[in-house]
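# Overview (structure and organization)
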Amino acid sequence: MKRAEIPQFGPLQGVRVICAGLATAGPYAATMMSDFGAEVINIESAVVPDQSRAAGGSAFKQDHRNQRALALHIPSPQGREVFYKLIKEADIFIENSKGGQWKRWGMTDETMWEVNPKLVIVHVTGYGLSGDPNYVERPSWDAIGQAFGTLVSVNGTEDVPMATNPYMCDATTALYASWAALAAYIRAQKTGIGDSIDCTQFESVLRGQSGWPLKYFSEGFQPARTGGENAVGAAFKAFKCQDGFVFICFGGPGIMKVGLPFFGFEWGSELFPRAVPWVLQGTEGARVLEAKINEWCAAKTVEEAEKELNEAGIPVSPVMTYAMAEKHPHYIARETFTEWETVDGEKIKGVNVVPKLAKEPGKVWRGAPKYGMDNEDILAELGYSSEEILALYNDKVLAKE
């Protein structure tokens, strides 16, 4: 696909992004930009394709739509030449690797800024570019980021800590990487000076825990693993109905005011004092409240429980499966799922562009490209002749499916 064939849409139209790295956080950040109109070239190694293409490639199909593909051996002399020509015209470069990988190749932020002073460079790693040298160069995966970022310590059962699935660390990291990249891009447009962003998996999931780390430093609070229950308040959990589960969040003054009477209790009584706007775990009030809710839910279907609790003003949701979500009227009304065509013309269905913009909405205009699918078009745009491109194939600097 040629650059001229890329549709113009969304708030990021005209923004050029180069992404280099395997699954998942870095490419995920680039995809969020391509969903809103940025021109994204995804570089895979000419030595081996992205591992997310394996086993049916569902992750690759979801996370690399709206992009062009280049399979390039960047560390080679010819590969570096191609890469520097690419970033000369780019606004943002995103890479994910072990910390310091690009520096070891001799391709530092400074060498990139010599080519393009306005370039925003985003390094997505497990542990960062600086810090304890015993950690900087370590490999990482989604669950490793959760474990080192303390998230695993607060999830799971009393006996076994657990990571959350699937890929929530990568998704969180991608969100931080993309917003920081765009913040730096806005600044670069005003100053002419790019920036370098050091975005780690472990710090992203740590920051995403809101006030819990602060509570540790101020009060020595380490949340206990409670098998999915809230570490502080009771009845923040899933309750079993006749045909599935509902999740209830029982807390806040308004909820206490209406929720306790709904189940036959009184807020302000000895069991449920008004001192805090929830029912503290480990108290007799917690025991009797959850026992009552368990009994009540066991006599209801999910639909009945959701309807009655919602009408009472108690936050509740069915514990949705993908099959339930596909048929749910709210998902359907919001077009949360959508269909698009693969580059082979096959219809596939996945998650639509989120969030939704009213005036400059994103869209899915292309399925994830095949390995090296756009090599010739991209290099021709950089000024390479057909003979030069063929020579790069012969030297194994380029590869394709």
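By convention here, each chain's residues receive numbers from 1 onward along its written sequence. Where totals are concerned, whole chains, interfaces and linings use all residues; where local detail is concerned, this predicted model gives features only for residues with pLDDT of at least 70, and gives and counts side-chain atom pairs only at 80 or more. Side-chain measures here rest on the full set of heavy atoms in the structure, leaving out hydrogens and waters.

Let's shift gears to the side chain of T125. As for its placement among the helices and strands, T125 is situated in strand β5 (residues 120–125). Burial classes follow relative accessibility: with a 1.4 Å probe on protein chains only, a residue under 20% of its type's maximum area counts as buried, one over 50% as exposed, and anything between as partly exposed. Overall, the relative accessible area of 3% leaves T125 in the buried class. N or O atoms within 3.5 Å of each other form a polar contact, as long as, within protein, one can give a hydrogen and the other can take it, and as long as residues adjacent in sequence are counted only when both atoms are side-chain atoms. At 2.7 Å, the side chain of T125 forms a polar contact with the backbone nitrogen of G128. Setting aside anything within four residues of it in sequence, one finds T125 in contact with S97, K98, G99, D198, C199, T200 and Q201. Helix numbers and strand numbers start at the N terminus; a helix is a DSSP run of H or I with at least 4 residues, a strand a run of E with at least 2. Should any heavy atoms of two residues lie within 4.5 Å, those residues are counted as being in contact.

Moving on to the pattern of salt bridges. Any Lys or Arg side-chain nitrogen found within 4 Å of a carboxyl oxygen on Asp or Glu counts as a salt bridge. Within the structure shown, the criterion is met by 20 salt bridges. Residues R53 and E44 are paired through a salt bridge, measuring 2.7 Å at the closest nitrogen-oxygen approach. Looking at R53, the relative accessible area reads 23%, which means it is partly exposed. Classification of E44 as buried rests on a relative accessible area of 3%.

Quick look at the sheet that holds strand β3 (residues 68–71) now. Strand pairing in a sheet takes place through backbone hydrogen bonds and is either antiparallel or parallel in direction. We treat two strands as partners when DSSP finds at least two bridges between them. One open sheet holds the six strands; their spatial order is β3-β2-β1-β4-β5-β6, and the pairing between them is parallel. Each of the sheet's edge strands pairs with one partner strand only, and the pair in question is β3 and β6 (196–200). On average, each strand axis in the sheet is inclined to that of its neighbour by 20°, with strand direction left out of account. An axis is simply a line fitted to the C-alpha atoms; with a helix, the fit covers only the stretch in contact. Between two such axes, the angle follows the N-to-C directions and lies from 0 to 180 degrees. Each of β1 (16–21), β2 (39–44), β4 (92–96) and β5 is contacted by helix α1 (residues 25–34), which is oriented at about 150° to β4, the strand it contacts most. Where helix α8 (residues 168–191) meets the sheet, its contacts fall on β4, β5 and β6, and the angle it forms with β5 comes to roughly 165°.

This part covers the environment of S317. Structurally, the position occupied by S317 is in strand β9 (residues 316–318). For S317, a relative accessible area of 32% puts it in the partly exposed group. Here S317 is in contact with F245, V246 and F247, once residues within four sequence places are set aside.

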